[in-house]
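Here is what each chain is made of, one letter per residue.
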Amino acid sequence: MELSTKQLHEKDQKYYLPTFKRYPLAFKKGSGCYLWDMEDNKYLDVLAGIAVNNVGHCHPKVVKAIQEQAEKLIHISNFYVSPQQVELSEKLTALSGLSRVFLTNSGAESVEGAMKIARKYAFKKGKGGSIIAMENSFHGRTLATIATGKKKYQEGFAPIPEGFYRVPFNSLEAIKAHINNDIAAIILEPVQGEGGIHSVQVEFLKELRELCDKNDILLIFDEIQCGIGRTGKMFAKEHYGVEPDIMTLAKGLGGGTPVGAFLCNEKVARAINFGDHGTTFGGNPLVCAAAIATLNVIEDEKLCENALDLGNWLMEALEKMKTDFPIIKEVRGKGLMIGVELKKPAGELVKMLMEKKILANATADNVLRLVPPLNIKKEELQYLLNNIADCLTEMEKK
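These figures come from a predicted structure and were not determined experimentally.

Of the two faces of strand S11 (residues 246-249), the one carrying Ile246 and Thr248 and the one carrying Met247 and Leu249 are both buried. Pairing analysis gives 3 bridges linking strand S10 (residues 218-222) to S11, with the strands arranged parallel. Of the residues in S11, the one forming a bridge with isoleucine 220 is isoleucine 246. Sheet topology places S11 next to strand S12 (residues 260-264); 4 bridges connect them, and they run antiparallel. Bridged to threonine 248 within S12 is phenylalanine 262.

Right, dumping it as structure tokens:
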């Protein structure tokens, strides 16, 4: 017997660690841009599992790849090589221009691996291992990754790992003030996701690349949220013409399966030794097959181009709404990674949209985050716009 949403939530509250402030919803199936709850209500999903379902829910080619692989081989450990891991590694290096890949289970694991290899590189150069991160960044929830982020994520988890500095985003002078022989790397998101959809400035990034080269400091791009076609390019770095030494991936890489990666250039790769790093599940045949299928769908269906075209159209439409709705402070983003900053907390708008069977979320308190599947259609985005307008009309009456 299928449980109701209410029954599922009661069991969830009884058994699951209470770390998530869940919405009163439970879903049983998805297709494309849509989800169906336990009572068969249909929802338009413009959150996409927080920028994970870049090719939509249960894309037929991804489902087929998972099914076929599951019948053959799921896991063998990294003592051995699988054709799927080799194919995915080759594809990622070809797409990214970086020369080496390490496959992981998640974004946080990708960032941890990136920081480890950066520190090993610095160690071999006789340098310290400190890392500079940006304010309002988000790189994960492990102890090391929260050390790079906001203080609120660190509360209650002391002692926090040392060797991390935080500086204002897009401030080269703030970074220069920290440059010394102790700095191993600088990490940033080309487009900050949890921080409110803020993009890095082109000139800042180019000057930062020069600064890193001059001081033999590694530059790490965290493309966990903004990569894999999300911004209208396969990787957000392509908007800026600046190459990192290390890049982290996850979220949209596996079509919904838990797979991530960190990639690096050859000079960084030479710093690692046998046994310096490892993973049990990372890069197993099942998730690699899903990731290969996902990347092929993005290329074959020209989803980067779709994200860029529809993202520009949606941004322009939202910008025009500012005239009718003064509550909108700013519209920001690239491709289908868009933030609508309000002059009040965005949580109310998220709940109102949910009542209209549309799933979005609020980030940085007052920013409505829109990260729909990259294969969403214009009419679906128009439907979203119409409902946002209706909600804002109600909000401004209050």
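Here we come to empty space enclosed by the protein. Inspection of the entire model under this criterion finds 2 cavities of 30 Å³ or more. Considered as a void within the structure, the largest cavity measures approximately 60 Å³ in volume. Around the largest cavity sit 13 residues that line it, and Ser77, Asn78, Gln85, Gly283 and Asn284 are the ones nearest its centre. Classifying every residue of the lining of the largest cavity gives 4 nonpolar, 9 polar and no charged. What lines the second largest cavity is Ser137, Phe138, His139, Gly140, Thr145, Ile146, Gly149, Lys150 and Tyr153. Its residues assigned to classes, the lining of the second largest cavity comprises 3 nonpolar, 5 polar and 1 charged.

This next bit is on the sheet that holds strand S7 (residues 183-188). With mixed pairing, 7 strands are arranged side by side in an open sheet as S4-S12-S11-S10-S7-S5-S6. Both edges of this open sheet fall to strand S4 (100-104) and strand S6 (164-167), since each of them pairs with a single strand only. Each neighbouring strand pair of the sheet contributes to a mean axis angle of 20 degrees, computed without reference to strand direction. When strand S5 (residues 130-134) meets S6, the two strands line up parallel, connected through 4 bridges. Paired with isoleucine 131 across the bridge in S6 is phenylalanine 164.

On to helix H10 (residues 285-300). Compared with the 22 Å implied by 1.5 Å per residue over 16 residues, the 22 Å span of H10 between its first and last C-alpha is a close match. Most of H10 sits inside the fold, with 12 of its 16 residues counted as buried. Of the surrounding secondary structure, the elements contacted by the buried residues of H10 are helix H3 (60-72), helix H4 (83-96), S4 and helix H11 (303-324). Backbone geometry just downstream of H10 places lysine 302 in the positive-phi region, at approximately 50 degrees.

The pairing of strands in a sheet happens through backbone hydrogen bonds and is either parallel or antiparallel. Strand order in the open sheet made by the 4 strands is S13-S14-S17-S16, with antiparallel pairing throughout. Each edge of the open sheet is held by one strand with a lone partner, namely strand S13 (328-334) and strand S16 (361-363). Strand-to-strand, the axes of this sheet are offset by a mean angle of 30 degrees, without reference to chain direction. Bridge analysis of S16 against strand S17 (residues 367-370) gives 3 bridges, and the strand direction is antiparallel. Residue pairing in the sheet places asparagine 361 in a bridge with arginine 369 of S17.

The subject of this paragraph is the environment of alanine 250. Mapping alanine 250 onto the fold places it in the loop between S11 and S12. With 25 residues separating them in the primary sequence, alanine 250 and glutamine 225 have C-alpha atoms 7.4 Å apart. With residues near it in sequence (within four places) discarded, alanine 250 still touches Ser106, Gly107, Ile224, Ile228, Val259 and Gly260.

This brings us to the pairing of strand S1 (residues 27-31). In the sheet, S1 pairs with strand S2 (residues 34-37) via 4 bridges, with the strands oriented antiparallel. Looking across to S2, one finds that phenylalanine 27 is bridged to aspartate 37.

What the rule picks out here adds up to 20 salt bridges. In this structure, lysine 125 and aspartate 216 form a salt bridge, with 3.8 Å as the shortest nitrogen-oxygen distance. Here lysine 125 is found in the loop between helix H5 (107-124) and S5, whereas its partner aspartate 216 is found in the loop between helix H8 (202-215) and S10, with 91 residues between them in sequence. Here aspartate 216 falls in the partly exposed class, since its relative accessible area comes to 22%. Between lysine 344 and glutamate 348 there is a salt bridge, and its shortest N-O distance comes to 3.2 Å. When its relative accessible area of 28% is taken as the criterion, lysine 344 is described as partly exposed. Via salt bridges that share partners, Lys125, Arg209, Asp213, Asp216, Asp245 and Lys267 belong to a single interconnected network.

Conventions and cut-offs
- Residues numbered from 1 in each chain as written.
- Predicted model: local features only at pLDDT ≥ 70, side-chain atom pairs only at ≥ 80, totals over all residues.
- Heavy atoms only, no water.
- Buried < 20%, exposed > 50% of the residue type's maximum accessible area, 1.4 Å probe, protein only.
- Helix = DSSP H or I, 4+ residues; strand = E, 2+ residues; numbered from the N terminus.
- Pairing = 2+ DSSP bridges.
- 1 Å grid on protein atoms, 1.4 Å probe; cavity = no way out; pocket = protein on both sides within 12 Å on 5 of 7 lines; lining within 4 Å.
- Points joined across faces, edges and corners; volume = space filled by probe spheres on them.
- Nonpolar A, V, L, I, M, F, W, Y, C, P; charged D, E, K, R; others polar.
- Axes fitted to C-alpha atoms, helices over the stretch in contact; angles between N-to-C directions.
- Expected span 1.5 Å × (residues − 1).
- Contact = heavy atoms within 4.5 Å.
- Salt bridge = Lys/Arg side-chain N within 4 Å of Asp/Glu carboxyl O.

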